[in-house]
Amino acid sequence: MRRNVSHPYGGFRSSMLSAGNIVSSIACALALVGAASVAAHAQAVFQPTTSTYTVGSGPQGVAVADLNRDGKPDAIIADTTGNQISVVLSSGSSYTVTSYSTGAGSTPTAVAVIPNFALSGYPAVAVLEQGSKNVTIFTDSSSGVLTAGASYGFGTAPTSLVVADFNHDGFSDLAISYPNGIAVLLGSATGTFASGAGAAVGSNIVAIAPGHFDSTGNLGLLALDQASKQINIMKGNGAGGFTDVNNYSVGNAPTSVAVADFNDDGMPDFAVANSGDGTVSVFVGQGSDNFTAVTSSPFSAGANVQSVVAADMNDDGYADLVVTNGSNNTIGILINQGNGVSTGTAVNFNQVMQPALSGTPYGIAVGDFNRDGKPDVIVTQNTAGAATVLLNNTLATSPLPMGRNLGAPNLSYATGNMADAVTVADFNGDGVPDMAVAFFEDYTVQVLDGNGDGTF
């Protein structure tokens, strides 16, 4: 079995960011090269300490929460073909797996954690079921035992799920995308959900992301429509309703969206990965739900770009982009040159392609694996059955000039077949980031415990 861990630095591919995805490959060390004098750390060799558990016949989505309140993160996995979710409770040194049926033909594909559900002090788990066209809420107890609760149906198969407080009442709500719209379920103190207004939009929405895109204080949504090759700006009304107020063209076959402040003006911007033409489209926020494409957008990012995350990779105060390139088996880092600060659309990114990986990269996450204060990268390689870890091995200058490269992978471990996703979290409660990898063909999830020095 594999564990996926969400991390403050970044997340996973497209809509699965919020629901969590399990990853499948582990290897590698990352060296960042500055143009000035830098003190480089030695490359690390990863020696995995693994624990593998069967969690069904087709694990896909994953989320992390401390279900039994022991201070250690646990994992919840959606088993798509087994029509169940599996809960992996961590004791710090061992793991216990319990499965819960979601019903025949339900096809659960994603899970998301609802914090402090119904003011209980415990989280709940929302399960996205494409087969039954439902979202089912599983409630938690102090021991980490889940109980199936209410199911909320939709007229068509949902595609993605995010959790946020859309109506300012202090309770988590759910936004669920489906091909031609967004449904909203408003949370309450009793743990029940009421339908919000939602919105009709698009014809093939594949990912959504929340953010404050205007000055109202209400959360809006970005809705990525793969069919029209557009990002739709959905203005929130503060009550669970949204209005499509703007649309911006992106590239071919967009798959993933990341939100960050790229020009340091205090307003959220966004980047879209376009798998069809190997680019990333970048737009900067102007306020009032308006965005402008930056001058040089779209930026070349490789081939078959599947996932994009935003993080400050070189510690210069500007958000950079990290992408996976599925056709040429590489990782790309797009360094924000910082020349768009206070000038709006002059934001520019310098692309640095990384050494070839042994398999096709798919899911990607960012975290500080060796606790040196710098973001490192994990990427899954679903054709190699491995996950690659690239350590950020040099000190950044401020600002770091463009020449940022990754060192060649120093070691890869074949840990399973068809690795899908990866995530990072401290699963054993020792203060060191660990990683979890999901293997689609093996129906397993694998947990690798971090040693605190860049090895596992």
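Residues numbered from 1 in each chain as written. Predicted model: local features only at pLDDT ≥ 70, side-chain atom pairs only at ≥ 80, totals over all residues. Heavy atoms only, no water.

A side chain of one charge can pair with a side chain of the opposite charge when the charged atoms of the two come close. Throughout the structure, instances matching the rule amount to two salt bridges. A salt bridge links lysine 235 to aspartate 214; the shortest N-O distance between them is 2.7 Å. Here aspartate 214 lies in the loop between β16 (205-211) and β17 (220-225) and lysine 235 lies in strand β18 (residues 230-236), a separation of 21 residues in the sequence. Between lysine 235 and aspartate 289 there is a salt bridge, with its nearest N and O atoms 2.9 Å apart. Highlighted residues: lysine 235 in strand β18 and aspartate 289 in the loop between β22 (279-287) and β23 (290-293), separated in sequence by 54 residues. Among the residues examined, aspartate 289 registers a relative accessible area of 2% and is labelled buried. (Salt bridge = Lys/Arg side-chain N within 4 Å of Asp/Glu carboxyl O. Helix = DSSP H or I, 4+ residues; strand = E, 2+ residues; numbered from the N terminus. Buried < 20%, exposed > 50% of the residue type's maximum accessible area, 1.4 Å probe, protein only.)

Attention now moves to unusual backbone geometry. The linkage connecting serine 297 with the following residue, proline 298, adopts the cis geometry, with an omega of 5 degrees. Turning to its location among the elements, proline 298 is positioned in the loop between β23 and β24 (299-300). Of note in the backbone geometry, asparagine 116 takes a positive phi value of approximately 45 degrees without being a glycine. The topology assignment puts asparagine 116 in the loop between β7 (108-114) and β8 (124-129). One non-glycine residue, aspartate 264, lies in the positive phi region at around 55 degrees. Here aspartate 264 is to be found in the loop between β20 (254-260) and β21 (269-274). Given a relative accessible area of 47%, aspartate 264 falls into the partly exposed group.

This next bit is on the confidence of the model for the protein chain. Mean pLDDT over the protein chain stands at 75; residues scoring 70 or higher make up 68%. Of all secondary-structure elements in the protein chain, the lowest mean pLDDT belongs to strand β1 (residues 26-27), at 30, while β18 reaches the highest, 97. Confidence drops under pLDDT 50 across residues 1-53; counting only partners more than four residues distant or on other chains, this segment forms 301 contacts. Taken together, the stretch residues 394-414 has pLDDT below 50 and engages in 88 contacts with residues farther than four places along the chain or on a different chain. (pLDDT = per-residue confidence, 0-100. Contact = heavy atoms within 4.5 Å.)

Taking burial as the measure, the six residues of β8 include six buried ones, the bulk of the element. The alternating pattern of β8 places Ala124, Ala126 and Leu128 on one face and Val125, Val127 and Glu129 on the opposite face, and all of these are buried. Where β7 meets β8, six bridges bridge the pair, whose relative direction is antiparallel. Within β8, the residue paired with isoleucine 114 across the bridge is alanine 124. Pairing geometry for β8 and strand β9 (residues 134-139), over five bridges, is antiparallel. Bridge pairing links valine 127 to threonine 136 in β9. Counting the residues that bridge the hairpin from β8 to β9 gives four residues, and of these lysine 133 lies at a positive phi of roughly 60 degrees. (Pairing = 2+ DSSP bridges.)

Attention now goes to the environment of serine 160. As for its placement among the helices and strands, serine 160 is situated in strand β11 (residues 160-164). Sequence separation between serine 160 and alanine 175 is 15 residues; the distance between their C-alpha atoms is 8.3 Å. In this structure the side chain of serine 160 is engaged in a polar contact, spanning 2.4 Å, whose partner is the side chain of serine 177. (Polar contact = N/O pair within 3.5 Å; in protein donor to acceptor, adjacent residues only side chain to side chain.)

Here we come to the sheet that holds strand β19 (residues 242-249). What the four strands build is an open sheet, ordered β16-β17-β18-β19; its pairing is antiparallel. With partners counted over all chains shown, the strands left at the sheet margins are β16 and β19, one partner each. Averaged over all pairs of adjacent strands, the angle between strand axes in this sheet comes to 25 degrees, irrespective of strand direction. (Axes fitted to C-alpha atoms, helices over the stretch in contact; angles between N-to-C directions.)

This part takes up the sheet that holds β8. Taking strand neighbours across the sheet as the criterion, the four strands line up as β7-β8-β9-β10 in an open arrangement whose pairing is antiparallel. Each having just a single partner strand, β7 and β10 (147-153) make up the two edges of the open sheet. Averaged over neighbouring strand pairs, the angle between their axes works out to 25 degrees when direction is ignored.

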